[in-house]
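Now for the letters of each chain:
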Amino acid sequence: RRGTRARPTPLNTVELLKVASSRLGLGPHYALKVAESLYLRGYISYPRTESTAYSPNFDLESAVREHQSHPIWGAYATSLLMHGLSKPRDGVDHGDHPPITPVRRAVECGDSNTIGALSGDDWSVYDYIA
């Protein structure tokens, strides 16, 4: 039987660190270091944000389109685009930075030298964000 889930609230730093600790087993300082590394390599948006709302001009369609060819969730991304995207769940815009968002497609790979491939904790954090 297929169920439905509520859309998630856009991700801010506090929530990322809570999940990194409780589900991924990563300490907050280390998790933020991993997220900042992903940001510097162009995989996610800036990870230090209190905002849980996207600005009205955020291009959600482009963000989802980036993931259409992903081997794990690409079919889901394509389905979302085919059926029309719902507006992101309401949150609070603190005016600092937008919520943490995957901005470039990545895949899991044991060899982190492969372009677009992440491994270990880099992959775990990216996979949660995406």
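Throughout what follows, the structure given in this document is the object of discussion. (Residues numbered from 1 in each chain as written. Predicted model: local features only at pLDDT ≥ 70, side-chain atom pairs only at ≥ 80, totals over all residues. Heavy atoms only, no water.)

### Digging into the nonpolar core
1) Next: In this structure, L38, I44 and Y126 are the most contacted members of the largest nonpolar core, which totals 20 residues.
2) Next: Elements with a minimum of two residues in this core: α1 (13–22), α2 (28–40) and α5 (120–129).
3) Next: Residues in contact with I44, not counting those within four places in the same chain, are A35, L38, Y39, I100, T101, P102, V103, Y126 and I129. (Core = buried A, V, L, I, M, F, W, Y, C linked by side-chain atoms within 4.5 Å. Buried < 20%, exposed > 50% of the residue type's maximum accessible area, 1.4 Å probe, protein only. Helix = DSSP H or I, 4+ residues; strand = E, 2+ residues; numbered from the N terminus. Contact = heavy atoms within 4.5 Å.)

### Section: the packing of aromatic side chains
1) Next: With the rule as written, the count across this model stands at six aromatic pairs.
2) Next: Ring geometry for W123 and Y126: centres 5.8 Å apart, planes at 35 degrees, overall tilted. With W123 and Y126 both in helix α5, this residue pair falls three residues apart, about one helical turn.
3) Next: W123 sits in the buried class, given a relative accessible area of 6%.
4) Next: Residue classification places Y126 among the buried positions, given a relative accessible area of 0%.
5) Next: Ring pairing ties together the aromatic residues Y43, W73, W123 and Y126, which thus form one cluster.
6) Next: The ring of Y43 carries the charged tip of R104 above its face, separated from the ring centre by 4.1 Å. (Phe/Tyr/Trp six-rings, centres within 6.5 Å; stacked < 30°, edge-to-face > 60°. Lys NZ or Arg CZ within 6 Å of the ring centre and 35° of its normal.)

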